[in-house]
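Listed here are the chains, written in short residue letters.
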Amino acid sequence: MEVRSVSPVFVGRGPEVAELNRAVESADSGTSQTVLVRGEAGVGKTRLIEELLRTVETRPAVVAVGGCVEVGGDGIPFAPFSTALRALWQQLPEEVRTASAGQEELLSRMLPDLRPSALVGHGDDDNVRLFELTARILERLAENRLIVLVIEDLQWADASSRHLLGYLFRSRRNGRLLIIASYRSDDIHRRHPLRSLLAEVDRLRSVQRIEVRRFDRVEVFKQLTGILHVQPDPHLLSEIFERSDGNAFFVEELARSYLERGQVGLDDLRDLLLVRLESLTESSQRVARFAAEGGSAVGYRLLQAVAGLPEDELLEALRGSVLAQVLVPDPDGSSYRFRHSLVREAVSDSIMPGERALINRRYAEALEANPSLARAGELATRLSHHWYHAHDDVKALQMSLSASVEARSRYAYAEQLRSLERAMELWHKVPDQARLRLPPLGPTEVYPARDGRDDEARVCHVDLLAAATSAARQSGDPDRALNLAREALQLLPPDREPLRATWFWTQQSLLMQELNRSDGWQELNTALELVRDSPPSAVQAEVLVQVANWRVLHGAGPESMPDVERAVDCAVRVGAEDLELNARITRCRLKAERDVDGESLAELYEVRRRAESLGAVGMIGRVNTNLVSILEGMGRSEELVAAAHHGIEVCRLLNLAEAEAWVHGNLSVSLFSLGRWAESDAALDEAAAVAQSYKSRGLITHRRAHILLARGEVDAAAGQLAVARRLLGTEDFQPQLLFGLVQTTMELAARQGLLGDARAEFLRADATGLTSGPVRYSLPMLCAIAAIEADNRGSATAAEARPEILAAVRRAASRLDVVFPVSQAFRCLLDAQLQWAESGDAVELWAEAVAAFDALQRPYELGIAHLGHARSLLAAHQRGEARDALVTAHRIAGRLGARLLSRDVEALAQQANIAPADKPASAPQSSDSESLGLTQRESEVLALIAAGYSNRRIAERLYISQKTASTHVSNILAKLGVSSRTEAAGIAYRRGLVDG
């Protein structure tokens, strides 16, 4: 049946169409694009996208459209992606098969009707491979053609679909791929689950946003002219414009009412929707009511089974609904959906309570009698919903548990949580006998069976709380998880159920730390006491592992090694290899501080290999994070870069977003150390795009503050530092989170002329033990305060407190065991700074610092050492050598873009009447670049253009997308007033911006 659209003309939307067409052009040229389309219900989002797809049809492109499906208040897990992937499978079966080779079982979780998947074990991050597989399929298909993926109605998206879409938004993929997603902005209330995704998207510069606005009076006039085939009279135009408020769908509805009744005359638009329904025959109204309870879309065979009408009468009823555009058939005719969600809502709201229960019972009975009426993977979710609204509490409870297992098998943890919440609501409403026949929940991590009971197979309320706690934590809702864990502990008698109580106390400790509510030790210690004298078990092993991890995170040193070894032994005895690997990572971390021979590093590489071969997802993230951190602590920055790229690749493959953020953050530190500051910035951008926790976001923000300060952007650094402090909080004192914060705070205060504040920050850190190690953190912090004192040695007002500060620095330094070359270099720097601060005579010590950092290829510290050496040489009246040192320091600062160091060098040179001018070897000088209107990043891009780099190589070198590189190149050509890259390179050489 073919139905003509109510509005045969497409009105307005010029800017929106132009922006979408630009996205199509960019995607078709090989730069993937993502577009988010928002607007209120009925404003014209779908029509806008349909118009775009009509233009795409003229290209060799493949389009896949998936709509989010709502069943009552529940979203079907991965529904839009299942629909879209099914469309891609139908159009490109061989290429999809090739792209998913070896992952067929995983793909069947998204397309369960292609190949039923067997239930397998699940870990903390089971859905990560599914996300990466989806992204890989899209990327492979987009290698040879334009792929347009449209996801509609995100306001109904289930949490798994939201997480997957967020992953696709964050991932920077190659190929000719355009992703368009739309949502109803007026549905996004303050607590709507889509808000978190939208907040994340707001931070992603790679996502384009299109706001579909309401029509103005002129556009409504054009729309009505198209519908009525004549120009509307002014009175009708005014009435419809005012009543519709420019909403395109409501304009159509009011116009149709006018055509059918001769007047608009309705109290409100919802009444209009019901009037449309009432104009249908009784059979059509009945079918519409049944369809409304079946969700936003209902299959024809299912509707046939529940409507209770002969097929001829059902078809006639559907015909009437379709002609009236209450219902719209899907293109393949297998299912029907309401033309607009407001229509379905209005119809559903008009159903009497008793009739609603009857309709839902029919749905449930029909699905029980013939499960094939529901799509694979949706049966339990639908039955749970229908039995619940049919008020059959027993069956609703049973199916809610089955639905939770179904959701977990598809890594849909938010949907699992929703089903478990419903089960908990119904728990006390059903008879005791009914709770004895419940389906099993399946395993929940190391959560144990009931202690010493003969009814271990039965599901109890605490089991529901355990499964819900795990689901809430895994779905990114730690607040809800914490409340559930607390509720369970109120129900559990520790003397009778010590292992279960232990599990919940351990979860509560982890959640308190994650939420920055406390350090979590009280809860963890309670768990430890409960299992201290118990036989070895997985629960006990987990507690011991978490205790060992906690001690190391909160500053314990070698004295915590017995705890770590005990954790390793217990995990080995109970056969919990994941926990064993976890404890071994902690052991390596403790040993690495003094591991000159590299034994702990070798073990860490072995743990990484073993974790990856086992597919131990949680440990893969942790080992890759700790490996790169330890490498930087040893000064092996180049090796870290290789290890980080491996870790990033693996974390992306498994969608370990938080672990990826930590790896990127550590990579940024090493790239900064190596003098590759533009790449360091890019790594931070990558980290910020995927970071989830307060802690990772806080550390990333602090790194931005540190780099901004080195570049001389003091105010910007202060702003970022304040944000970092808020993110890191004050309730969970983890030293590794605070070292850099303290150092940057001191340096910033000194640059702002607040010497007293800098000193106070140091004394607080010293009092809390932050100056006692680890060496990799404490020694640079001691260098920072010593440099501040050295810089202020000529100030009479600062002299009184200086001896106390310097004495504290020397005491702290004497406690540090310096074993690695990088630490020895910092110790040389510290000795020189202390000697300069105390006596001003430190030529030899500064020379030693220069030699130490020169051997390590750490240019920023080398520039600082050259500056200090120049000061001491000037004091010794060795002007020639001092000038050489200043020239070298100035060259280093210019190449790095370290404007703070440049200013210090220039200030000393001016004071000594020495000209340190020297052109950087491979990057534009900021003054010349700025005279051309170029930004720092554009200057870096220009240097690469002059070196013959393509956009792709520029993107790879600077860790930016090809689209961003292309934009920089275009801006440079425009600012230089040239039309080619060759001309731009010529100007760069003629102006001396790069070496010839």
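The rules behind each value
- Every chain is numbered on its own, with residues counted from 1 as its sequence reads.
- Under the rules for a predicted model, residues below a pLDDT of 70 receive no local features and side-chain atom pairs below 80 are neither given nor counted, while totals for whole chains, interfaces and linings still include all residues.
- Hydrogens and waters are ignored; side-chain quantities use all the structure's heavy atoms.
- Helix numbering and strand numbering both begin at the N terminus, where a helix is a DSSP run of H or I of at least 4 residues and a strand a DSSP run of E of at least 2.
- All radius of gyration figures rest on C-alpha atoms, and the globule criterion is 2.2 Å times the number of residues raised to 0.38.
- Throughout, exposure labels follow a simple rule: accessible area from a 1.4 Å probe, protein chains only, divided by the maximum for the residue type, with under 20% read as buried, over 50% as exposed, and the rest as partly exposed.
- All accessible areas in this document rest on Shrake-Rupley with a 1.4 Å probe, and a residue is counted as covered only by the protein chains that are shown.
- Asp and Glu are treated as the negative residues and Lys and Arg as the positive ones, with His and the ends of the chain left uncounted.
- The atoms used to mark charge sites are NZ of Lys, CZ of Arg, CG of Asp and CD of Glu.
- Under the convention used throughout, the expected extent of a helix is 1.5 Å for every residue step, that is, one less than its residue count.
- Exposure above 30% relative accessible area and the lack of any salt bridge qualify a residue for a patch; like charges then connect within 9 Å, and the nonpolar side chains Val, Leu, Ile, Met, Phe, Trp and Tyr within 5 Å.
- Here a salt bridge means any side-chain nitrogen of Lys or Arg lying within 4 Å of a carboxyl oxygen belonging to Asp or Glu.
- A pair of strands is treated as paired once DSSP finds two or more bridges between them.
- Simply put, an axis is a line fit to the C-alpha atoms, just over the touching stretch for a helix, and the angle between two N-to-C directions goes from 0 to 180 degrees.
- Residue contacts follow a heavy-atom distance rule, with two residues in contact if any of their heavy atoms lie within 4.5 Å.
- Definition of a polar contact: a pair of N or O atoms within 3.5 Å, with one able to donate and the other able to accept a hydrogen when the atoms are protein atoms, and with sequence-neighbouring residues admitted only if both atoms are side-chain atoms.
- The predictor attaches a confidence to each residue, called pLDDT, with possible values from 0 through 100.
- Residues belong to a common nonpolar core when they are buried Ala, Val, Leu, Ile, Met, Phe, Trp, Tyr or Cys residues joined through side-chain atoms within 4.5 Å.
- Pairs of cysteine sulfur atoms within 2.5 Å are identified as disulfides in what follows.
- Here the angle decides the label: under 35 degrees means roughly parallel, over 145 means roughly antiparallel, 65 to 115 means roughly perpendicular, and every other value means oblique.
- In a left-handed crossing the near helix is turned counterclockwise from the far helix by less than a right angle, and in a right-handed crossing that turn is clockwise.
- The nonpolar class holds Ala, Val, Leu, Ile, Met, Phe, Trp, Tyr, Cys and Pro. Asp, Glu, Lys and Arg form the charged class, and all remaining residues, Gly among them, are polar.
- Two aromatic rings from Phe, Tyr or Trp, using only the six-membered ring of Trp, form a pair when their centres are within 6.5 Å; if the ring planes differ by under 30 degrees the pair is stacked, by over 60 it is edge-to-face, and anything between is tilted.

Naming follows an unreviewed UniProt entry, where the chain appears as Helix-turn-helix transcriptional regulator of Planotetraspora thailandica.

1. Observations concerning the overall build of the chain
Along its length, the chain carries 49 helices and 10 strands. For a compact globule of 996 residues, the expected C-alpha radius of gyration is about 30 Å, and the chain comes in at 33 Å, within 12% of that figure. Each principal axis of the C-alpha atoms in the chain carries an extent, and together these give about 105 × 80 × 55 Å. Looking at the chain as a whole, 57% of its 996 residues are labelled buried. In the form shown here, the chain has an accessible surface area of approximately 40,300 Å², with 49% of it arising from carbon and sulfur atoms. Where the 117 positive side-chain charges of the chain centre and where its 137 negative ones centre are 2 Å apart.

2. A look at helix α43 (residues 879-896)
In this model, α43 (18 residues) spans 25 Å end to end at C-alpha, consistent with the 26 Å of a helix rising 1.5 Å per residue. All buried positions along α43 are accounted for by Ala-882, Ala-885, Leu-886, Val-887, Ala-889, His-890, Ile-892, Ala-893 and Leu-896. Immediately beyond the C-terminal end of α43, within one or two residues, lies Gly-897, with a positive phi of roughly 80 degrees.

3. Regarding a negative patch on the surface
A cluster of acidic residues, Glu-311, Asp-312, Glu-313 and Glu-316, forms a negative patch on the protein surface. Note that Glu-313 resides in helix α15 (residues 311-323).

4. Here's the deal with the sheet that holds strand β10 (residues 335-338)
Read across the open sheet, the 3 strands follow the order β8-β10-β9; overall the sheet is antiparallel. At either margin of the open sheet sits one strand with a lone partner, and together these are β8 (297-299) and β9 (327-329). Going from strand to strand, the sheet's axes swing by 30 degrees on average, the running direction of each strand aside. Where β9 meets β10, 3 bridges bridge the pair, whose relative direction is antiparallel. Opposite Pro-329, over in β10, you have Tyr-336 as the bridge partner.

5. Points about the sheet that holds strand β7 (residues 207-211)
Note: strands within a sheet are paired through backbone hydrogen bonds, in either parallel or antiparallel orientation. Judged by pairing direction, the sheet is parallel, and its 5 strands sit side by side in the order β2-β5-β6-β1-β7 without closing on themselves. Since the sheet does not close on itself, it has two edges, and those belong to β2 (61-67) and β7, each with one partner. Taken over all neighbouring pairs, the strand axes of this sheet differ in orientation by 15 degrees on average, direction set aside. Note that strand β1 (residues 33-39) and β7 share 5 bridges and pair parallel. Paired with Val-35 across the strands is Gln-208, a residue of β7. Across the face of the sheet, helix α1 (residues 14-28) comes into contact with β1, β5 (146-152), β6 (177-184) and β7 while running at roughly 160 degrees to β7. Across the sheet, helix α3 (residues 79-91) lies against β2 and β5, angled at about 150 degrees from β2, the strand it touches most.

6. Looking at the side chain of Glu-293
By the secondary structure assignment, Glu-293 is in helix α13 (residues 282-293). Of note is the side chain of Glu-293, whose polar atom sits 3.0 Å from the side chain of Arg-356. Glu-293 has contacts with Ser-348, Ile-351, Arg-356, Ile-359, Asn-360, Tyr-363, His-385 and His-386, leaving out every residue within four places of it along the chain.

7. Quick notes on the confidence of the model for the chain
Model confidence for the chain is summarised by a mean pLDDT of 85, while 90% of its residues fall at 70 or above. Low pLDDT, under 50, characterises residues 116-121; the predicted model gives this stretch 9 contacts beyond four residues in sequence or across chains. Low confidence marks residues 918-927, where pLDDT is under 50. Its contacts with residues over four positions away, or in another chain, come to 25 contacts.

8. Structural notes on the nonpolar core
In this structure, Met-746, Leu-782 and Leu-830 are the most contacted members of the largest nonpolar core, which totals 124 residues. Not counting residues up to four positions away in its chain, the partners in contact with Leu-782 are Phe-762, Thr-771, Val-809, Ala-812, Ala-813, Leu-816 and Leu-830. Of all hydrophobic cores here, the second largest spans 78 residues; its members include Val-326, Ala-403, Ala-471 and Leu-492.

9. Points about the pattern of salt bridges
According to the stated counting rule, one finds 48 salt bridges in the structure shown. The closest approach of N and O atoms between Arg-289 and Glu-355, which form a salt bridge, is 2.8 Å. In this pair, Arg-289 is assigned in helix α13 and Glu-355 in helix α17 (residues 353-369), connecting sequence segments 66 residues apart. Judged by its relative accessible area of 13%, Arg-289 falls in the buried class. A salt bridge links Lys-395 to Glu-368; the shortest N-O distance between them is 3.5 Å. Of this pair, Lys-395 sits in helix α19 (residues 393-409) while Glu-368 sits in helix α17, and the two are 27 residues apart along the sequence. Judged by relative accessible area, Lys-395 falls into the partly exposed class, the value being 29%.

10. Some words on unusual backbone geometry
Generally, phi is negative for residues other than glycine and the peptide bonds are trans, each holding for most cases. A positive phi angle, close to 60 degrees, is found at Phe-78, a residue other than glycine. In this structure, Phe-78 sits in the loop between β4 (74-75) and α3. We classify Phe-78 as buried; its relative accessible area is 0%. Even without being a glycine, Asp-153 presents a positive backbone phi close to 60 degrees. Looking at where Asp-153 falls in the secondary structure, it is placed in the loop between β5 and α7 (159-170).

11. Topic: helix α36 (residues 735-751)
Taking 1.5 Å as the rise per residue, α36 with 17 residues should run 24 Å; its terminal C-alpha atoms sit 24 Å apart, in good agreement. Summarising burial for α36: 12 of the 17 residues are buried, a large majority. Taken together, the buried positions of α36 are occupied by Pro-735, Leu-737, Leu-738, Phe-739, Leu-741, Val-742, Gln-743, Thr-744, Thr-745, Met-746, Leu-748 and Ala-749.

12. Side note on the side chain of Arg-608
Structurally, the position occupied by Arg-608 is in helix α29 (residues 599-614). Buried within the structure, Arg-608 lacks any salt-bridge partner; its nearest side chain of opposite charge belongs to Glu-612, at an N-O separation of 4.4 Å. If we skip the residues at most four places from it in the chain, Arg-608 touches Val-623, Asn-624, Leu-627, Ala-643 and His-646.

13. As for the state of the cysteines
Under the counting rule described, the total for this entry stands at 0 disulfides. Cys-828 takes part in no disulfide bond, and the closest cysteine sulfur, belonging to Cys-783, lies 9.8 Å away.

14. Focus: the packing of helix α38 (residues 775-791) against helix α40 (residues 821-838)
Direction vectors running N to C along α38 and α40 enclose 20 degrees, while the axes themselves pass 9 Å from each other. In terms of axis orientation, α38 runs roughly parallel to α40. As for how α38 packs across α40, the hand of that crossing is left-handed. Facing Val-775, Leu-779, Pro-780, Leu-782, Cys-783, Ala-786, Ala-787, Glu-789 and Ala-790 of α38, the residues of α40 in contact are Ser-823, Phe-826, Arg-827, Leu-829, Leu-830, Gln-833, Leu-834, Trp-836 and Ala-837. Classifying every residue of the contact of α38 with α40 by side-chain character gives 14 nonpolar, 2 polar and 2 charged.

15. Focus: the packing of aromatic side chains
The way to describe two aromatic rings as a pair is by their centre distance and the angle between their planes. Tallying each qualifying case throughout the model produces 12 aromatic pairs. With centroids separated by 5.0 Å and ring planes inclined at 85 degrees, the aromatic side chains of Trp-503 and Phe-504 adopt a geometry described as edge-to-face. Phe-504 carries the same exposure label as Trp-503, and that label is buried. Taking the centre distance of 5.6 Å and the plane angle of 75 degrees together, the rings of Phe-672 and Tyr-860 count as edge-to-face. One end of the pair, Phe-672, is in helix α32 (residues 657-673); the other, Tyr-860, is in helix α42 (residues 859-875), and 188 residues separate them in sequence.

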